[in-house]
Amino acid sequence: MKWKRLWALSVKDMKDYTKSKYIVFSIIVLPLVIGAIVPLQVMLYSGSFGAGDNNESSVIFMDNVLSRTVDDWEDFTNQAKSTITVGYIVLVLVAMMPIIITSVIAAETIAGERERKTMEALLTTPLTEKEIVTGKLISSFIPSFIATTVAIITFSIVMDIILYPLIGRIFFPDLISIIFLFVVSPIITIIAVEGLILVSTRVSTVRDATQLGGLLLIPLLILIGLQVVLFFYNTILGIVVGPIVLLLIAAGLFKISTSLFKREKALVKLV
Amino acid sequence: MSEIVVETQGLTKKYDGFYAVNGLSLKINESEIFGLLGPNGAGKTTTVRLLTGMLEPSSGNASVLGLNSVTQSNKIRERVGILTETSSLYQRLSVRDNLDFFAKVHDIPKEERDLRIKNLVKQFDIADKENEAAGKLSKGMRQKVAIARAIIHSPEMLFLDEPTGSLSPEAAKMVRDLIVNLTKNENRTVFINTHNLSEAEKLCSRVGILEKGILIAIGKPSELRSLLHSDVVTVFRFKKWDKQISDYFSTSSIKIADEDKERLSVTLKLENIEESTPIIIKDLSRLNIDITEVRHNRPDLEQIYLELVNGDNHQDEMEESK
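Residues numbered from 1 in each chain as written. Chains lettered and ligands numbered in written order. Predicted model: local features only at pLDDT ≥ 70, side-chain atom pairs only at ≥ 80, totals over all residues. Heavy atoms only, no water.

Caption draft 1: Geometry of the overall build of chain B. Counting its secondary structure elements, chain B contains 11 helices and 14 strands. In terms of overall dimensions, chain B has a C-alpha envelope of 80 × 50 × 40 Å along the principal axes. Residues counted as buried form 48% of the 322 residues belonging to chain B. For chain B, the share of sequence-separated contacts (at least 6 apart) that also reach a separation of at least 24 residues comes to 70%. Accessible surface, chain B: about 15,800 Å² in total, of which carbon and sulfur atoms supply 46%. (Helix = DSSP H or I, 4+ residues; strand = E, 2+ residues; numbered from the N terminus. Buried < 20%, exposed > 50% of the residue type's maximum accessible area, 1.4 Å probe, protein only. Contact = heavy atoms within 4.5 Å. Areas by Shrake-Rupley, 256 points an atom, 1.4 Å probe, with all protein chains shown as cover.)

Caption draft 2: Here's a closer look at the overall build of chain A. When its secondary structure is counted, chain A shows 11 helices and zero strands. With respect to the principal axes defined by its C-alpha atoms, chain A has extents near 65 × 35 × 30 Å. By residue count, 55% of the 271 residues in chain A fall in the buried class. The long-range share in chain A, meaning contacts at least 24 apart out of those at least 6 apart in sequence, stands at 81%. If you average the places of the 22 positive and of the 20 negative side-chain charges in chain A, the two averages end up 16 Å apart. (Lys, Arg positive; Asp, Glu negative; His and termini not counted. Charge placed at Lys NZ, Arg CZ, Asp CG, Glu CD.)

Caption draft 3: Spotlight on the environment of Pro243 of chain A. Residues and elements named next belong to chain A. Here Pro243 is to be found in helix H10 (residues 235-260). Under the relative-accessibility criterion, Pro243 is labelled buried at 5%. Distance from Pro243 to Val183, taken between C-alpha atoms, is 6.9 Å for residues 60 residues apart in sequence. Setting aside chain neighbours within four positions, we find Pro243 in contact with Val183, Ile187, Gln227 and Gly238.

Caption draft 4: Looking closely at the pattern of salt bridges. Applying the stated criterion across every chain yields a total of 28 salt bridges over all chains. One salt bridge connects Asp97 of chain B with Lys15 of chain A, and the closest N-O pair in it is separated by 3.2 Å. Here the residue Asp97 of chain B occupies a position in helix H3 (residues 95-105), and Lys15 of chain A occupies one in helix H1 (residues 3-17), the pair thus bridging two chains. Overall, the relative accessible area of 16% leaves Asp97 of chain B in the buried class. For Lys15 of chain A, a relative accessible area of 32% translates into the label partly exposed. (Salt bridge = Lys/Arg side-chain N within 4 Å of Asp/Glu carboxyl O.)

Caption draft 5: Spatial organisation of the interface of chain B and chain A. At the junction of the two partners, chain B supplies 26 residues and chain A supplies 30 residues. Roughly 2,700 Å² of surface becomes buried between chain B and chain A when both sides are summed, with 58% attributable to carbon and sulfur atoms. Looking only at chain B, the three residues that lose the most surface to chain A are Met54, Tyr90 and Arg92 of chain B, adding up to 26% of its buried area. One can count seven salt bridges joining chain B with chain A. A salt bridge links Arg5 of chain A to Asp107 of chain B, with the nearest nitrogen and oxygen atoms 2.9 Å apart. Those elements that place two or more of their residues in the side of chain B that touches chain A are strand S1 (4-15), helix H2 (73-79) and H3 of chain B. The element contributing the most residues to the side of chain B that touches chain A is H3 of chain B, with five residues. (Buried area = accessible area lost by both parts, 1.4 Å probe.)

Caption draft 6: The arrangement of the packing of aromatic side chains in detail. Following the criterion strictly, the structure yields 14 aromatic pairs over all chains and no others. With centroids separated by 5.6 Å and ring planes inclined at 15°, the aromatic side chains of Phe141 of chain A and Phe145 of chain A adopt a geometry described as stacked. With Phe141 of chain A and Phe145 of chain A both in helix H6 (residues 129-167) and four residues apart, the pair spans about one turn of that helix. By relative accessible area, Phe145 of chain A is classed as partly exposed at 23%. The interplanar angle of 55° and the centroid separation of 6.5 Å between the aromatic rings of Phe236 of chain B and Phe249 of chain B together place this pair among those described as tilted. A residue pair is termed long-range when its members are at least 10 positions apart, and Phe236 of chain B in strand S11 (residues 233-238) and Phe249 of chain B in helix H9 (residues 243-251) qualify at 13 residues. Neither residue differs from the other here; Phe236 of chain B and Phe249 of chain B are each classed as buried. Among the aromatic residues, those joined into a cluster by ring pairs are Trp73, Phe76, Tyr88, Phe155, Phe171 and Phe172 of chain A. (Phe/Tyr/Trp six-rings, centres within 6.5 Å; stacked < 30°, edge-to-face > 60°.)

Caption draft 7: Broad picture of a nonpolar patch on the surface. Residues and elements named next belong to chain A. A surface patch of nonpolar side chains, amounting to about 910 Å² of accessible area, comprises Val229, Tyr233, Ile236, Leu237, Val240, Val241, Ile244, Val245, Leu248 and Ile249. For the nonpolar patch, the secondary-structure elements that each account for two or more residues are helix H9 (217-233) and H10. Looking at which element gives the most residues to the nonpolar patch, the answer is H10, with eight residues. (Patch = residues over 30% accessible without salt bridge, like charges linked within 9 Å, V, L, I, M, F, W, Y side chains within 5 Å.)

Caption draft 8: Fine view of helix H6 (residues 169-184) of chain B. Residues and elements named next belong to chain B. Taking 1.5 Å as the rise per residue, H6 with 16 residues should run 22 Å; its terminal C-alpha atoms sit 22 Å apart, in good agreement. Within the sequence span of H6, burial applies to Ala171, Ala172, Val175, Arg176, Leu178, Ile179, Leu182 and Thr183. One face of H6 carries all of its buried residues, which in axial projection span an arc of 160°. Exposed and facing more than 90 degrees away from the buried side of H6 are Pro169, Glu170 and Lys184. (Expected span 1.5 Å × (residues − 1). Arc of directions from axis to C-beta.)

This is the structure in structure tokens:
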């Protein structure tokens, strides 16, 4: 693979879709909504702002889970515990964000090229099929990763503003959210992009790719859920085994998407 | 002797029982402008795609610049320029960004890229549109950008699918001049798919006529004329129509192809043009018939093409009716 060439393709793609207001809006607004507005809303709903500890059973359940990962968990009040619990639920929502962003961008990449009839010109270049798929993967990954990072930073700031009066220290980002940001979220993003590229190679329009891509949400949510459960069941298992399994899935999907994307098939679909 | 740059043997592409290209065998020499003519669906675009390794043949083989079209297709695409049937530009990107991307994937260094883009936009007279989004350009302008994109890496050979189809007469002439310049001064070989027969006649050193995936004729336009049943015809035009004109030609042994009283002309098929023409002029002058024009019409490529393609269709119909 010639990295300069595929990087040229990624840069071209990023330049191209950032000229679309619809896509830019999704990349900017989603992290802000999920990172800031969702935690605030959930806090208000759960009654964390002075409504008292009205959810004893969930606190007891989370006691068992979070006492394993948070050292000073026992020192917190029930209100703090309940706020942190909701915070982790929002963190899972943040981890789901790359799926939403990539569903907008990755569908644009291959199906979009086909829809706008630029695919044939792309296929006339010396770029190999593998370089085309990798280039598209990078161009979809970068904005998703940036948006996820912005969302996690925003989330941490908002959560700490809420939590500081309750626990007297900065809580987020903790080990789990850092691992989510730098390990789980990027791999989930790659899997989501690969899945959507795979879908994009099989359909002719962006609309079809986005709609079919929506189905990918289910297995990806299951993966995120399993990763979260693993974290709280055993931190070491969550840090090491979970990401390795996710990486293997990403590698497998990469192999499938590069082997399925063939010039001839892409061209015949243009007819 | 010039080198063979394209060679195909029995090149065939079959889709579900339908032959898009069927047993194509041809050779194209260096610096040649080869035109592939044929009606819609004849297999012209498929031929270009097979030659540039974008499609794999069902059988047969092809080599371009000495490279195998299947096993070395990426190398072929590095060394050739391809203009697709539609301009296929990135509409949201500027003209410059479109050209820059294609230069980058051909590994052209930054300084050289800038220089080439600058020269090309100047050459194609689109320098004032360099920073404009390609989607905002007219159809003709977009075609110019697409051609500039195809030659940005100075390819050794060019494949042009309907290069002047959407251009104004001035822009089309500019493109034709550019194609001639590429072959004459820069030794490039050009393969053109075209519907424009007069363009093919003006540009191409050799043409091939493709019909239902089969190459039914190949050669220089002058060579293809010899394949025709119709040959050179001589047209006489008169100042006014006179009964004597009809009488003279009906009594002589001259073969009349057409008599057009409205246009005051007769079209003749003469056995020996050099000897017969002056005799007819003398005879008609003796009869006091004023001749305003005498010309010999050679069949143009359009006539050759139509006769070959229609003849082939006619033959098919005859076979089907049997």
